[in-house]
Amino acid sequence: MGNYTRRQFLKASAGTCVALGTPLVVQGCGEDEEEGAGSTRATVYTVLGDGPSDLYRMGRRAAEVLGLHAGGDLSGKAVFIKPNLVVFGLGFPGDPLTGEWTKAEILVGIAEQCLEAGAAKVTIGDGAQGVDWDWNSVVFFPGNRLLGGTNLKEAVDSLKTRFP
């Protein structure tokens, strides 16, 4: 693999993965091409799946690729997951069929993986949250059911029971 900027790598990876349509993990390095960023190197991972029913597994796999697994390095630590849930803070309904926000299935997979890696507490939060935000509105794709629920709140409640 040649030297790519991060942006070039992401473009090439996305195009290749879409063309192949196969689930795999892609790893690559490149120089950041942002002005003033110097020669900082980044490692980029992409976890792909076969469709909406695969999102939970993809979240777990992404966390695992980053080293978060049972008996991992998170023993007793607090983890904060900051997804892109801005649309909810603006009062829009949550429609999982749009690309407006991080899919709840991915968040559940990552949170569960962190807890299995020993995290004492996992918080999912976003700056757009309001006091009256209804976590039940962060729903899964139609037909997806995880940990006994069809939305983020139900799945998180299940994790709270399993990891008190």
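Treat the numbers as computed from the prediction; the structure is a model and nothing was measured.

**Considerations on the overall build of the protein**
In terms of helices and strands, the protein carries 5 helices and 5 strands. For the protein, the proportion of its 164 residues judged to be buried stands at 36%. Across the protein, contacts joining residues at least 24 apart in sequence account for 63% of those joining residues at least 6 apart. For the protein, the computed accessible surface area is about 9,400 Å², with 54% contributed by carbon and sulfur atoms.

**Concerning unusual backbone geometry**
Within the chain, Leu147 stands out as a residue other than glycine whose phi angle is a positive 50 degrees. Turning to its location among the elements, Leu147 is positioned in the loop between strand S5 (121–124) and helix H5 (152–162). Leu147 gets classed as partly exposed once you look at its relative accessible area, which sits at 27%.

**Notes on the environment of Asn151**
Residue placement: Asn151 occurs in the loop between S5 and H5. Exposure remark for Asn151: the relative accessible area of 5% places this residue in the buried category. On a C-alpha basis, the gap between Asn151 and Trp135 in space is 8.0 Å, while along the polypeptide they are 16 residues apart. Not counting residues up to four positions away in its chain, the partners in contact with Asn151 are Trp135, Asn136, Val138, Val139 and Phe140.

Cut-offs used in this document
Residues numbered from 1 in each chain as written. Predicted model: local features only at pLDDT ≥ 70, side-chain atom pairs only at ≥ 80, totals over all residues. Heavy atoms only, no water. Helix = DSSP H or I, 4+ residues; strand = E, 2+ residues; numbered from the N terminus. Buried < 20%, exposed > 50% of the residue type's maximum accessible area, 1.4 Å probe, protein only. Contact = heavy atoms within 4.5 Å. Areas by Shrake-Rupley, 256 points an atom, 1.4 Å probe, with all protein chains shown as cover.

Nothing here speaks to function; it is all geometry.
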